[in-house]
Amino acid sequence: MTSEWELLPCPFCGEEPGWNIQEEDGDKYYQLLCLNNGVKAHTSWHTDQTRAVGAWNRRSSDDDQG
């Protein structure tokens, strides 16, 4: 799947994450994940790809304001 969004690299290995898409009862659910170097980095499941991208691109340092 080609992404139309700019994705930050995995915070652990620096590679681009991949999409995990599941369909259930006609609804699609999206997750971004990276399984490189034995570490699993992933978002929770989202019904909207834009929200999955926002979750992936958010870093804990985004909350550090002081």
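Look a little higher up for the structure.
Keep in mind that this is a model prediction, so the values were computed, not measured.

A. Looking closely at unusual backbone geometry. Despite not being glycine, Asp25 shows a phi value in the positive range, around 55°. On the secondary structure map, Asp25 appears in the loop between β1 (18–24) and β2 (27–34). Given a relative accessible area of 74%, Asp25 falls into the exposed group.

B. Quick look at the nonpolar core. One finds Leu7, Cys10, Trp19, Tyr30, Leu32, Cys34, Ala41, Ala52, Val53 and Trp56 forming the largest nonpolar core, which totals 10 residues. When contributions to this core are tallied by element, the ones reaching two or more residues are β2 and α1 (49–57). Excluding residues that lie within four positions of it along the chain, Val53 makes contacts with Trp5, Glu6, Leu7, Trp19 and Leu32.

C. Inspection of the side chain of Arg59 at higher detail. Residue placement: Arg59 occurs in the segment after α1. Looking at Arg59, the relative accessible area reads 18%, which means it is buried. Here Pro9 takes part through its backbone oxygen, which lies 2.4 Å from a polar atom of the side chain of Arg59. A distance of 2.5 Å separates a polar side-chain atom of Arg59 from the backbone oxygen of Trp56. For Arg59, the contacting residues outside a window of four places in its chain are Leu8, Pro9, Cys10 and Pro11.

D. Region of the structure containing the sheet that holds β1. What the three strands build is an open sheet, ordered β1-β2-β3; its pairing is antiparallel. Each edge of the open sheet is held by one strand with a lone partner, namely β1 and β3 (41–42). With two bridges connecting them, β2 and β3 associate as antiparallel partners. For Leu33, the partnering residue across the bridge sits in β3 and is His42. α1 contacts β1, β2 and β3 of the sheet and is inclined by roughly 20° relative to β2.

What counts as what
- Residues numbered from 1 in each chain as written.
- Predicted model: local features only at pLDDT ≥ 70, side-chain atom pairs only at ≥ 80, totals over all residues.
- Heavy atoms only, no water.
- Helix = DSSP H or I, 4+ residues; strand = E, 2+ residues; numbered from the N terminus.
- Buried < 20%, exposed > 50% of the residue type's maximum accessible area, 1.4 Å probe, protein only.
- Core = buried A, V, L, I, M, F, W, Y, C linked by side-chain atoms within 4.5 Å.
- Contact = heavy atoms within 4.5 Å.
- Polar contact = N/O pair within 3.5 Å; in protein donor to acceptor, adjacent residues only side chain to side chain.
- Pairing = 2+ DSSP bridges.
- Axes fitted to C-alpha atoms, helices over the stretch in contact; angles between N-to-C directions.

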